[in-house]
Each structure stands twice: as C-alpha cells, then as structure tokens.
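Residue strings, one per chain:
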Amino acid sequence: MKITTTPSTKKLIDGCVSIRFDTVKTNRFKEFTDGATELVIALPEKGHTARTLRIAVRKIVDEARRHQIDTCAIHDTSLLLGDLDVTPEVFGELVAYNLHLASYTFTNYKTKHEQRPSTISVVTDDEQFVRGFKKGSVVGESVNEARSIANTPGGDMTPLLLAKSAQKALKGTGVTTRVLGKKDIEKLKMGAILGVSRGSNEEPRFIILEHKGGKKNEPPIVFVGKGITFDTGGLSMKPADAMLDMHLDMTGGATVIGALRAIGLLKLKRNVIGLIPSAENMVSGESYRPGDILTTMSGKTVDVLNTDAEGRLVLADALTYAERYKPKLVVDIATLTGASLVALGQHASALMTKDDDIALRIAELGEMSGDYVWRLPLWDEYIKYTKGTHADLANIQSFGNPRYGGAINGGAFLSHFATTYPWVHIDMAPRMTPAPGDHLSRGATGEPTALLIKIAEEYS
C-alpha cells in the first residue's frame, strides 16, 4: 500500500474517494449524484485525544477495505486534530504512523492476496506536516518490519534465521550487526542461554546491534530483547492451545530490530545498542530439567523450578553482557509472563523499575508513542521471593503462593542482574497481539518498537 502526502495543486486520479472526519456516531460511505464518493469517519463529540486520533486514523483503512475502495484522499485534517496541542510535525507523524500500522497484514505465506486500499493520500501544503509524515512513515514501516519478523512461523525463524533477519532488516541503515554463535556464548560463560537451548537441535545465537550516532564516549542506551524463537515450555510443557502462538515469544527481540532500523534510518545522534539472546526452548533427551542448577554469566546460580520460565534466564545473561557498555539506561523487553495479562488486560505493557523518575519518563514517552505502559511495584518485599533453595536464585517463586505476583516476580528476578546501571523491565506480553478495538490485523502488534524509538530520541 502506498501511503503518501499530495500537494493541493496536484490532480488526484479519477475515482479517488474523499475522506472526511465528523462528530457522528457511525462511519458512513456516501455516493453523490455527480459521481463523487465520500467516506465519513466518526469522531467522538467530546474528549477527542491523541488516543482517539490514533483509532480514527486506523479506521480509515478498515472502512476502505470494507467498502472495497482502491484509492482515497484526506482533504481536511483540521477536525481530526481538534484541540490537541501538538505541532504540525508531530501531527503528521501520528497520522502516517497509524496509517502504516493499520495497513499492515501478514501475507508472506498467502498465494493470493488483495491489497486494498492501494493508495492513501493526505492532501496538504504544510511543510512541517509533510516532514513529520515522512518520519512517521519510517517509524511505521520499522514497526511493521518487527511484526513480520515476529509473525514468521517458528520453523522458519530459528535463532540463526533471526540473526539473518536482523542483518537483512538493518542493511543500509548504518547499524552494525554482530552474531555470536554457540562457541562464543560458551566462552562468555552464558550458562543460562546454553541451558535453555540444550533441548533444541538449533544452536543459540547472541545478536548485537550497534548504532553509533552520538559522541564517541557518550554512554549508550541499551535495548535487550527476548529472542525465544519457539517456546514449548521445555519439559514443563505448555498445553497445546497455549503453544500455538509461541513463535511470537521472540517479539521482544523483533522490536529491538525494528527500533534499531528506524534509529539508523532517522540518523539519530545517539549511541544505541541492541542485544538479543536467542534460543529455542524445546523438548528432547538433552533438555534442561526442573531441578537443574544453571550458572549465569554473572556467576550467580539459579535453581530451575520450571523450564517454562526461560525468558528471564536468557535475559539474565544479556543484562550482564550489557555492563560492558557502561550504559546510561538499559531497557529489557520481553513476552515474559501471562501474569502481566491477568494484572493489566490487553491495553498496556507492564513496566518495572526501582527508579521513580525513570518510570515517570518512560510512561510519558509511552503516551507520546502510543505504546502504553503501566508501572508495577518492584519493592524490596518482592525480592525475597526470588531466593533459591540450593542456588542463589530460583527462576520462579520458590516459597509462598506462586500464583500471586507472577509478573512482579519476573521483574524482581531480572533486577539481580541489572545492579550497575539504570534499568527498566517491560513485560509486553499484554501487547503481543491486538486487543479488541485496536483496528490492527491479527498477529504481532510490533509494540513497543515505537516506544523504544522515542526513548532513543527523548530520554536524557
């Protein structure tokens, strides 16, 4: 689909449907006696916000598909903007970004598919809006790249193929890619990654992405994305229906790839690192067992009480590796726990950090990007539940009732490996796939790619 801006002096092609916004209850498609056509997109009469703006823009694509519209043009965005206090550049970015998100469908395995609409134009002469629109398109395309990587079936997205996908996505962006194989991981003594990967015929990979846009000695921001390319649960096996979407368990890693793609293309003057520990959590005679003890890169040991709590294990080694960058901030992103869904539903990711200022700033940037986060506590009272019996730590709650506070337990476990730098944990399991009313296609949402880009841009 072509998503673009068009100057008012340029004649649109015949049959182009006009898009109009109005404070009406339902969307409407109109045909006039002179042959002209119009699609009216409903806006709320009161309380129009950046959130409702995002949904209104996405509705354009949905309604165009429903009415089998090929080309359409937005002539007047003033009502869509309403009283929102944003610059024309930010407004343009919001419009383009959400058009791209709504236009995406995963069709890589379809023998036939219809692309409707084929073109959406915004008619404008505002140079600031156009500048923002171009940026929003880069961000939207990068989020959609992350979605395609995440949506690829597990049989076609092994750790090796994830590394190759990163290299392909980042080609021409200026971002450098290094891939560490099993022998390199063994030399680094990343015992947690090696333990999780033992049951698979596919060897693990540790993917390193580097964007050096800032000053040479400027401490970087580091994004750490969980890259479990398929998760059976290991010997603590998931039920069949819970395993169906587990090719999406590397969505955290995919979002890091998408974010670095946009950061490179936008040439941000920041140093940004992406780290993706990647493995399959499979079942075989070689699989790591409940009751095993793993030694992480940090030297800390872990009682394996449940092999399905593998994401926090691979992230533990990556968080230790992040120390060598002396970072100003580390953000890990993972589909870590189903408990975060129980806590928050499907409309926000869980955020955990011990730093109040960082939590507030990330939440603000989440509102700006549309990738909403909600803070869960990470008080010292929760840390005690991560203690191991025979090892230093346990990979799930080792005493008390393990049904309680599962999302927080995951964050508390990771906090043991993020002690030398400012750190934020984002459990994005609630946003792995769309919530009702998101007006996004089935599969991965690509969140929180846009939030990571905003962090790289705005965090200081």
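Reading the values: the criteria
Residues numbered from 1 in each chain as written. Predicted model: local features only at pLDDT ≥ 70, side-chain atom pairs only at ≥ 80, totals over all residues. Heavy atoms only, no water. Helix = DSSP H or I, 4+ residues; strand = E, 2+ residues; numbered from the N terminus. Polar contact = N/O pair within 3.5 Å; in protein donor to acceptor, adjacent residues only side chain to side chain. Contact = heavy atoms within 4.5 Å. Phe/Tyr/Trp six-rings, centres within 6.5 Å; stacked < 30°, edge-to-face > 60°. Buried < 20%, exposed > 50% of the residue type's maximum accessible area, 1.4 Å probe, protein only. Core = buried A, V, L, I, M, F, W, Y, C linked by side-chain atoms within 4.5 Å.

Chemist: Looking at this structure, I do not really get the side chain of D317. What am I missing?
Modeler: Looking at the element boundaries, D317 is found in helix 10 (residues 311-321). In terms of polar contacts, D317 uses its side chain to reach the backbone amide nitrogen of I193, at 3.1 Å. In contact with D317, not counting residues within four places along its chain, are M190, G191, A192, I193, T296 and M297.

Chemist: Which parts of the structure should I look at to understand the packing of aromatic side chains?
Modeler: Each aromatic ring pair is specified by the distance between its two centres and by the angle formed by the two planes. One pass over the full model with this rule turns up eight aromatic pairs. Here F91 and F129 contribute two aromatic rings whose centre-to-centre distance is 5.5 Å and whose plane-to-plane angle is 75°, an arrangement assigned as edge-to-face. Taken as a pair, F91 in helix 3 (residues 88-103) and F129 in helix 4 (residues 127-151) lie far apart in primary sequence, 38 residues in all. For F91, a relative accessible area of 5% puts it in the buried group.

Chemist: Would you mind going over the environment of S165 with me for this structure?
Modeler: Structurally, S165 is set in helix 5 (residues 159-170). Overall, S165 belongs to the buried group, its relative accessible area being 18%. Between the alpha carbons of S165 and E145 there is a distance of 9.8 Å; along the sequence they are 20 residues apart. Excluding anything up to four places from it in sequence, S165 contacts I149 and M157.

Chemist: For this particular structure, what's the right way to read the side chain of N395?
Modeler: With respect to the helices, strands and loops of the structure, N395 is situated in the loop between strand 17 (393-394) and helix 14 (406-415). Given a relative accessible area of 0%, N395 falls into the buried group. A distance of 3.2 Å separates a polar atom in the side chain of N395 from the backbone oxygen of A309.

Chemist: Mind showing me how you'd approach the nonpolar core here?
Modeler: As a rule of thumb, nonpolar side chains are buried together in soluble globular proteins. Counting residues in hydrophobic clusters, the biggest one holds 53 residues, and the most contacted among them are L209, F223, V331 and I455. Residues in contact with L209, not counting those within four places in the same chain, are A166, L170, V175, T176, T177, V256, I257, L260, V272, I273, G274 and I276. Within the second largest apolar cluster, 47 residues are counted, among which are L275, L315, L319 and Y325.

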